[in-house]
Amino acid sequence: MENEADLFYRQMPKVELHAHLNGSVSFSTIEKLMARKPHLNIEHNMTAILSGQKRTLDECFQVFKVIHQLIDTEEDILMVAKDVIREFAEDGVKYLELRTTPREDKNTGMTKRSYVQTVIEAIRQCKNEGLDIEVRLLVSVDRRHGVEVAMKTVKLAEDFMRSTDGFVVGLDLSGDPTVGHGGDLLPALQKAKNCGLKLSLHLSEVPSQVDESELLLNIPPDRIGHGTFLHPEVGGAQSLVDKVMKNNTPLGKNVLSNQRSTIKVYEYIPPHKHQSDFGPLVFCSIQTDDRGVFCTELSKEYQLAASTFSLSREAMWSLSQKAIDFTFAPDSLKQQLHQKWFELHPSLFQ
Ligand SMILES: CC(C)=CCNc1ncnc2c1ncn2[C@@H]1O[C@H](COP(=O)(O)O)[C@@H](O)[C@H]1O
Ligand SMILES: [Zn+2]
């Protein structure tokens, strides 16, 4: 196992806004899955990228295919989702937005609807067990699958948003950024926005996507995943930065995952640089993305950001608190979370 973060960062209350369910599966849960399916002959180095290792973007996306092989029944999904939620809670995450791509499996009878239903059941069970974490769900559209599938996914997300007491809050656009064109999916994304789903879009995760990002930013999204290459200094365009600033769109940032793939740009923009590049306000949250695949924790991401950019513990606390405002939670829950941060502050800074 890799090192844990300092107690301070583990105990600091945190908000995780960007966690792909199947990318967040821990070593111990993978062990349980491997025991259930020994015939697949899957080994740990096929499901995680350890410290010091580098993979191409394509190799990173192959890892998800292996993990998907291990998780192909409702029983698996229930165990995985409950373990992931519990582990985030153990790392001090008080509010979690999970996202996942509905999958079906003809052999096991799992359907896209039963898949989403099972994730919601896991969230409900964790709540009933009294875990100190609020969880919401975003349904993911994989950009590889084209607009027809995307339309059906939006319909599924809409149905669940209306029938599940607010557990489903939004739609995520993700998948290998080098495959397909986000512009083709605009009708589906627009439909999602119109029916009240919040939109979180992966964009400018790789260079040379200015046209696509222009189109996606016009919708506009409620949050951006990565946005690594939006800025003209790294091959983006000022018009993209202007759009993000005009709408004050929050950017989710990953520190570790980018060190382990071939994306060389350091993705996290520290507040002072963020201010000069993206305007007077800090619209930036720290997140894990794929905590299992990249062997990280949200507490580690915070600690790494602090040491890399020489930020104080107070500054990191402010970042974690500010992220409450970027959640897709209703105002009443945001207020409860602010209250929690207020109450916990003295115990960490005495
Ligand atoms: C270098 C690298 C892989 C960084 C991570 N950046 C990502 N960019 C786009 N889509 C992603 C990323 N990480 C996970 N996903 C999406 O999340 C899926 C896994 O979670 P799930 O099956 O939706 O529950 C992947 O198949 C992919 O569609
Ligand atoms: Zn992501």
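For the structure itself, look to the data block above.
Residues numbered from 1 in each chain as written. Chains lettered and ligands numbered in written order. Predicted model: local features only at pLDDT ≥ 70, side-chain atom pairs only at ≥ 80, totals over all residues. Heavy atoms only, no water.

> So what about the site of ligand 1? Which residues, and what values?
As a structural note, the neighbourhood of ligand 1 is formed by 21 residues, with His68, Thr100, Thr101, Glu205 and Asp290 the closest of them. The contact in question runs from an oxygen atom of ligand 1 to an N or O atom on the side chain of Thr100, over 2.6 Å. Within the backbone of Gly175, an N or O atom sits 2.9 Å from a nitrogen atom of ligand 1. Protein contact buries 98% of the 610 Å² of open area that ligand 1 shows by itself. Examining the composition of the shell around ligand 1, we find that five residues originate from one element, helix α3 (residues 57-70), more than from any other. (Near = heavy atom within 4 Å. Polar contact = N/O pair within 3.5 Å; in protein donor to acceptor, adjacent residues only side chain to side chain. Areas by Shrake-Rupley, 256 points an atom, 1.4 Å probe, with all protein chains shown as cover. Helix = DSSP H or I, 4+ residues; strand = E, 2+ residues; numbered from the N terminus.)

> Tell me about the environment of Thr118, residues and numbers included.
Within the secondary structure, Thr118 sits in helix α5 (residues 112-128). Once residues within four sequence positions are removed from consideration, Thr118 is found in contact with Glu74, Ile77 and Leu78. At a separation of 2.5 Å, a polar atom in the side chain of Thr118 contacts the main-chain carbonyl oxygen of Ser114. (Contact = heavy atoms within 4.5 Å.)

> Could you give an account of unusual backbone geometry, naming the residues involved and the relevant values?
If a residue is not glycine, its phi is most likely negative; likewise, a peptide bond is most likely trans. Cis geometry is adopted by the peptide bond preceding Pro220, which originates at Ile219 and carries an omega value of -10°. Position of Pro220 among the secondary structure elements: in the loop between α8 (210-217) and β6 (223-226). Phi at Asp289 is positive, roughly 70°, even though this residue is not glycine. With respect to the element layout, Asp289 can be found in the loop between β8 (284-286) and α11 (298-308). Judged by relative accessible area, which is 5%, Asp289 ranks as buried. (Buried < 20%, exposed > 50% of the residue type's maximum accessible area, 1.4 Å probe, protein only.)

> Before we move on, could you go through the coordination of the zinc ion (ligand 2) and cite the residues and values that matter?
For the zinc ion (ligand 2), every protein donor is listed as His18 (NE2), His20 (NE2), His202 (NE2) and Asp289 (OD), and the spread of their distances is 2.0 to 2.2 Å. In this structure, the zinc ion (ligand 2) is coordinated by four donor atoms arranged in irregular fashion, with angles at the metal of 79 to 170°. Counting gaps between the donor residues of the zinc ion (ligand 2) yields the pattern H-x1-H-x181-H-x86-D. Of the residues examined, His18 reaches a relative accessible area of 2% and is grouped as buried. (Donors = N, O, S within 2.8 Å, 3.2 Å for Na, K, Ca; no water. Tetrahedral: all angles 85-135°; square planar, octahedral: opposite > 155°, others 65-115°.)

> Would you mind going over the packing of helix α4 (residues 74-90) against α5 in detail, with residue names and values included?
With their axes 9 Å apart at the nearest point, α4 and α5 run at an angle of 40° to one another. On the basis of their axis angle, the class for α4 and α5 is oblique. In this structure, the crossing between α4 and α5 has a hand that is right-handed. Every residue of α5 that contacts α4 at Glu74, Ile77, Leu78, Ala81, Lys82 and Ile85 is listed here: Ser114, Tyr115, Thr118, Val119, Glu121, Ala122, Ile123, Gln125 and Cys126. Looking at the contact of α4 with α5 residue by residue, the classes come out as nine nonpolar, three polar and three charged. (Axes fitted to C-alpha atoms, helices over the stretch in contact; angles between N-to-C directions. Parallel < 35°, antiparallel > 145°, perpendicular 65-115°, else oblique. Left-handed = near helix turned anticlockwise from the far one by under 90°. Nonpolar A, V, L, I, M, F, W, Y, C, P; charged D, E, K, R; others polar.)

> Tell me what's going on with the pairing of β6, and back it up with residues and numbers.
Each regular strand displays side chains that alternate between the two surfaces of the sheet. With four bridges joining them, strand β5 (residues 198-203) and β6 adopt parallel strand pairing. Looking across to β6, one finds that His202 is bridged to Gly225. As a crossover connection, the stretch from β5 through α8 into β6 is right-handed. You can see the chain leave β6, run along helix α9 (residues 238-247) and come back into strand β7 (residues 251-253), and the turn it takes is right-handed. (Pairing = 2+ DSSP bridges. Right-handed = clockwise from strand over helix to strand, strands pointing away.)

> An account of the packing of aromatic side chains is needed here, citing residue identities and associated values.
For the structure shown, the criterion picks out four aromatic pairs. Both rings, one in Phe8 and one in Tyr9, keep their centres 5.0 Å apart while their planes meet at 90°; by these two values the pair is edge-to-face. Overall, the relative accessible area of 7% leaves Phe8 in the buried class. Centroid distance Trp317 to Phe349: 5.6 Å. Interplanar angle 85°. Geometry classified as edge-to-face. With Trp317 in helix α12 (residues 313-322) and Phe349 in the segment after α13 (331-348), this pair connects stretches of sequence that are 32 residues apart. The class for Phe349 is partly exposed, based on a relative accessible area of 24%. What links up through ring pairs into an aromatic cluster is the set Phe8, Tyr9, Trp317 and Phe349. (Phe/Tyr/Trp six-rings, centres within 6.5 Å; stacked < 30°, edge-to-face > 60°.)

> Hey, could you go over α4 for me, with residue numbers and the actual values?
With 17 residues, α4 extends 24 Å from end C-alpha to end C-alpha; this agrees with the ideal 24 Å at 1.5 Å per step. For α4, the buried fraction is high: 12 of the 17 residues fall into the buried class. For α4, the set of buried residues is Asp76, Ile77, Met79, Val80, Ala81, Lys82, Asp83, Val84, Ile85, Glu87, Phe88 and Ala89. Buried residues along α4 sit in contact with β1 (14-20), α2 (27-36), α3, β2 (93-100), α5 and β3 (134-142). (Expected span 1.5 Å × (residues − 1).)

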